[in-house]
Amino acid sequence: MTATANPRVSRSPRLRLTRALRGVATPAALLIAPMVLLAFMVFWPLLQQIWISLTDARLTNPGGGSFVGLENFEALMAGTALPQVLANTLAYTLGSTGLALVMGTLAALVVNTRFRGHGFVKGVLASPWAIPPVAAASIWLWMFSESRGIFNRIIEGAGGEPVAWLTSEPWAMVSVILVTAWQFAPLVMLVTLSALKSVPDEVAEASRVDGASAVATFTWVVWPHILPTFRLLGILLVIESLRRWDIIAVMTGGGPVMSTSTIVVAIQRQAFQYQEVGMGAAYAMIGITLAVIFALAYLMVERRAEKRNGR
Amino acid sequence: MPQLQFSSVAKSYGDTQVLEPFDASVDSGEFLVLLGPSGCGKSTLLRMIAGLTEITSGELLFDGETVNEWDVRKRDIAFVFQSYALYPQMTVRQNIAFPLVMDRMKPWQHLPILGSIIRSRLMHRPEIAGEVDRIAEQLSLVPYLDRRPGALSGGQRQRVALARSLVRDPSLYLLDEPLSNLDAKLRTQMRVDITALHQKVGKTFVYVTHDQIEAMTMATRIIVMDHGRIQQIGTPDEVYDNPANTFVATFVGSPAMNLISPDIVAAHPTAFEPGIAASGAIVGVRPEHLMLADEGAPGLPVTVEVVERTGAEAIIACQPQGQEGDESRILVRASHTQRRVMGEACVLQLDPAHVSLFDAATGVRVPQTSTVG
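Residues numbered from 1 in each chain as written. Chains lettered and ligands numbered in written order. Predicted model: local features only at pLDDT ≥ 70, side-chain atom pairs only at ≥ 80, totals over all residues. Heavy atoms only, no water.

1. A short note on the overall build of chain A
Stated formally: Working definition: helices are DSSP H or I runs of at least four residues, strands are E runs of at least two. Numbering for both runs from the N terminus. Using a 1.4 Å probe on the protein chains alone, a residue whose accessible area is under 20% of its type maximum counts as buried, one over 50% counts as exposed, and one in between counts as partly exposed. Here, residues are in contact when the closest pair of their heavy atoms is within 4.5 Å. In this count, Lys and Arg are taken as positive residues and Asp and Glu as negative ones, while His and the chain termini are left out. Just so you know, the charge point we use is NZ for Lys, CZ for Arg, CG for Asp and CD for Glu.
Of the regular secondary structure elements, chain A holds 14 helices and 0 strands. Scanning chain A from its N terminus toward the C terminus, one meets helices and strands in the order α-α-α-α-α-α-α-α-α-α-α-α-α-α. Overall, chain A is about 100 × 70 × 30 Å in size when its C-alpha atoms are taken along their principal axes. The buried share among the 311 residues of chain A stands at 40%. Taking the contacts inside chain A whose residues are at least 6 apart along the sequence as the reference set, 69% of them involve residues at least 24 apart. Taken together, the 23 basic and 16 acidic charged side chains of chain A have centroids lying 18 Å from each other.

2. Describing the sheet that holds strand β2 (residues 16–26) of chain B
Residues and elements named next belong to chain B. Short version of the rule: One requirement defines pairing of two strands: DSSP has to find at least two bridges between them.
Ordered in space as β2-β1-β4-β5, the 4 strands form an open sheet in which the pairing is antiparallel. Lying at the two open borders of the sheet, with one neighbouring strand each, are β2 and β5 (65–66). Two strands pair when backbone bridges link them, and strand β1 (residues 4–13) and β2 are joined in this way by 7 bridges, in the antiparallel orientation. Of the residues in β2, the one forming a bridge with S12 is Q17.

3. Considerations on the UniProt feature "domain: ABC transmembrane type-1" (unreviewed entry) in chain A
For the record, the criterion: UniProt positions are given in the numbering used here, feature names are shortened, and annotations may be inferred rather than shown by experiment.
The UniProt feature table records "domain: ABC transmembrane type-1" (unreviewed entry) at residues 86–300 of chain A. Annotated as 75% helix and 0% strand, the span residues 86–300 of chain A places its first and last C-alpha atoms 23 Å apart.

4. Thoughts on the nonpolar core
All names here are of chain B. Inclusion rule: To qualify as a nonpolar core, a set must consist of buried Ala, Val, Leu, Ile, Met, Phe, Trp, Tyr and Cys residues joined through side-chain atoms within 4.5 Å.
Membership of the largest hydrophobic core comes to 95 residues, with the highest contact counts inside it found for F6, I96, L174, I194 and V206. For this core, the leading source of residues is helix α2 (residues 92–104), giving 7 residues. When neighbours within four sequence positions are excluded, F6 is seen to be in contact with F22, D23, A24, V26, L45, I49, E59 and L60. Within the second largest apolar cluster, 24 residues are counted, among which are V283, L292, I330 and V332.

5. Some words on the sheet that holds strand β11 (residues 258–260) of chain B
Residue and element names in this part refer to chain B. An order of β11-β12-β18-β19 is seen for the 4 strands of this open sheet, with the pairing classed as antiparallel. For this open sheet the edge positions go to β11 and β19 (365–366), each flanked by a neighbour on one side alone. One ladder, built from 3 bridges, connects β11 with strand β12 (residues 282–285); its direction is antiparallel. Paired with L259 across the strands is G284, a residue of β12.

6. Section: helix α11 (residues 214–242) of chain A
We apply this condition: Every helix has an expected span of 1.5 Å times one less than the residues it contains. Across the chain, bend at a residue is computed as the angle between axes fitted to the seven residues ending at that point and the seven starting from it.
Its 29 residues give α11(A) an end-to-end C-alpha distance of only 36 Å, which falls more than 12% under 42 Å, the value for a rise of 1.5 Å per residue. The largest bend along α11(A) measures about 50 degrees and falls at A:W223, with the proline A:P224 one to four residues further on.

7. Structural notes on the interface of chain A and chain B
Selection rule: By definition, the buried area sums, over both parts, the 1.4 Å-probe accessible area that each loses when the two are put together. Think of a salt bridge as a Lys or Arg side-chain nitrogen and an Asp or Glu carboxyl oxygen that are within 4 Å of each other. Throughout this description, a polar contact denotes any pair of N or O atoms lying within 3.5 Å of each other; where both atoms belong to protein, one of them has to be capable of donating a hydrogen while the other can accept it, and for residues adjacent in sequence the pair is counted only when both atoms sit in side chains. Residue classes follow a fixed rule: Ala, Val, Leu, Ile, Met, Phe, Trp, Tyr, Cys and Pro count as nonpolar, while Asp, Glu, Lys and Arg count as charged, and any other residue, Gly among them, counts as polar.
Listed by partner, the interface residues are 20 residues for chain A and 30 residues for chain B. Across the interface of chain A and chain B, roughly 2200 Å² is buried in total on both sides, 58% from carbon and sulfur atoms. It is A:V209, A:D210 and A:W220 in chain A that bury the most area against chain B; as a group they hold 36% of the surface buried on that side. Taken together, chain A and chain B are joined by 2 salt bridges. With its nearest N and O atoms 3.5 Å apart, the salt bridge here joins A:D210 to B:R164. Along the contact surface separating chain A from chain B lie 10 residue pairs in polar contact (both at pLDDT 80 or more). Broken down by secondary-structure element, the contributors of at least two residues to the side of chain A that touches chain B are α10 (201–209) and α11 of chain A. Residues belonging to the side of chain A that touches chain B are distributed by class as follows: 9 nonpolar, 6 polar and 5 charged.

8. A closer look at the UniProt feature "transmembrane region" (unreviewed entry) in chain A
According to UniProt, the "transmembrane region" (unreviewed entry) feature falls on residues 20–44, 90–111, 171–193, 247–268 and 280–301 of chain A. Taken as a whole, residues 171–193 of chain A contains 100% helix and 0% strand, while its terminal C-alpha atoms sit 32 Å from one another.

9. With respect to the packing of helix α4 (residues 71–78) of chain A against helix α14 (residues 277–308) of chain A
Residue and element names in this part refer to chain A. Basically, it comes down to this: Axes here refer to lines fitted to C-alpha atoms; in helices the fit is confined to the stretch in contact. Angles between the N-to-C directions go from 0 to 180 degrees. Oblique is the label for any angle not covered by the other classes, which are roughly parallel (under 35 degrees), roughly antiparallel (over 145) and roughly perpendicular (65 to 115).
Their axes nearest at 9 Å, the elements α4 and α14 cross at an angle of 70 degrees. In this view, α4 runs roughly perpendicular relative to α14, as classed from their interaxial angle. Two secondary-structure elements touch here, α4 through N72, F73, A75 and L76 and α14 through G278, M279, A282, Y283, M285 and I286. For the contact of α4 with α14, the residue count by class is 8 nonpolar, 2 polar and no charged.

10. Quick look at the pattern of salt bridges
Tallied over the full model, the rule gives 22 salt bridges over all chains. With a shortest N-O distance of 3.0 Å, A:D246 and A:R244 are connected by a salt bridge. Owing to a relative accessible area of 18%, A:D246 belongs among the buried residues under this scheme. Taking the shortest distance from any N to any O, the salt bridge between B:E127 and B:R125 comes out at 3.3 Å. On the accessibility criterion, B:E127 (38% relative accessible area) is partly exposed. Judged by its relative accessible area of 39%, B:R125 is partly exposed. Within this structure, A:E240, A:R243, A:R244 and A:D246 form a network of salt bridges that share partners.

11. Quick notes on the UniProt feature "domain: ABC transporter" (unreviewed entry) in chain B
UniProt marks residues 4–252 of chain B with the feature "domain: ABC transporter" (unreviewed entry), using the numbering shown here. What you have in residues 4–252 of chain B is 39% helix and 24% strand, and the ends, taken at the C-alpha atoms, are 25 Å apart.

12. A closer look at the confidence of the model for chain B
Selection criterion: Each residue gets a pLDDT score, which is the predictor's confidence in that residue and runs from 0 to 100.
When the pLDDT values of chain B are averaged, the result is 89; 98% of them are 70 or greater. For chain B, the element scoring lowest by mean pLDDT is helix α11 (residues 274–279) of chain B, at 80; strand β3 (residues 31–35) of chain B scores highest, at 95.

13. Let's talk about unusual backbone geometry
The linkage connecting A:E169 with the following residue, A:P170, adopts the cis geometry, with an omega of -5 degrees. Secondary-structure assignment places A:P170 in the loop between α8 (150–157) and α9 (171–197). Of the consecutive residues B:S254 and B:P255, the connecting peptide bond is found in the cis state with omega at -5 degrees. In this model, A:M258 sits at a positive phi of 65 degrees, which is unusual for a non-glycine residue. By the secondary structure assignment, A:M258 is in the loop between α12 (246–251) and α13 (263–273).

Dropping the structure here:
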């Protein structure tokens, strides 16, 4: 009686099973391909790397090292190179991310105002993003040249002393940070610009009615609105800077005297120049740990913001 | 509390004229309603008063002083947006306090972090905290003060928007369709609240709406607009009783004023006053100024098409005999005790004291001293 009264119950068990399967099957089918891909391209190499970092493998026979426990890490801790590499990495990562965020946001604010030719200006400001890093670094190499570079020409023209941009401390680090930020800034500009465009006009107008100046409107209305985008850009750029190798390799090669050696530069030198793959993998583990710390910090901040917004 | 004066004020975007030049003045303490269908330019006019949209030509004066170039802040206005435009990242308390905090912050204090500290200290000051509490109490917002707008219902958001505009005691209140997002019951209640508020603060209100009921119930004066042109300026009674043209006649009032075409009038000359029948004009009569009599009585012979009972009254749609279609249909507002059935033949009688005549070609009201009386 009840079965006929409720058409849902009257369906056969087989039909119900099919329906239940269908509910699971679609997401599973969609997930399977990326999971397999991740397993082969990320998790497996990661496991291999953890193993290699615990061996004394050399480049000539990367898979053939023998297990040495934490010896590689102990050697790193005992040496003087690691603290400097870490300091360089932090300086480079935070410096280029911070500078790119500031430059990109300022550019977005300028382009967001309507003026004649703002489309052209936007295109020009966005162009560094399209230039391959090695090509960009080569152009800057030429501009930073001590004898022929445009910067020193200008300084000399103004009666100053030429600067050894790429071969002296701290200018080498300043130079690579500047070039990296120059490459990142267009991305920041474009993403921030779209965030700025999504600020509802009426909300900005309401703040004017409420007596806010242009600066106050930015601080109290626009900035909170674009902050989540800004945080996301921050973590993306931090991760990107942590693995940036090409610009430093072309411009300074990690020098002078290791002053621009970041983790990736150190990995490359250790694994491929000194051929100590085990040692290089140990460096890489430290790099991954750094990236994970930054990512966790981002997630924590994001979760707190979400909780505050009551979502 | 300024007296507003519009002197040939107009607005155009490039070659498109969205508001034709017009003159008008609004006295201190008036509740002016800008009424018209969407796209008629009423919101543009409101934004021009606020200083959010530039005036293309003409002059807007506050107490005799031209304010065309005045910044929004200098105009000392409150503006309630249709979308409420609340600050989503701020709590209700911070939203309401925002105008007060802005008034008290120095330009250099708007720096991030430092600004937040200063703002939170300002919000604890008794003159700000007290004022926010008082307004919140008045608008029943106390339980929601620490929520964010995202966690509020439409009606609550609307009240927060009102509270934010009230907290600063401005001299001019501008409201852009503030009730359009609310359900019918809440709308009726807020209508009463806003009218009460106007009476209490005694300031000038300019209120934009497309809802003629809102206009009739709240306004001390109405400006009816259509296609960027002012159609009529007058008190609700003037606009209702003496519409300036057929647009106003049909836009104000529900159901709208009946417009009887000159052809029908000519076909039944004995049904109308001699002056009306001879005028060749469109005859406008409100549904409540028509009576249905039994067949055989003097008047316009009609057939009952639809009877709509709304409780206390009935709206009876009739068709003059020999006519068909929506154009010629005439609506009669009758007592619910009137028992008419569909298809019944009756006679329609007009109250000659309440007849409006409109020029058949232009739709403009025709003076009718000779016909009424």
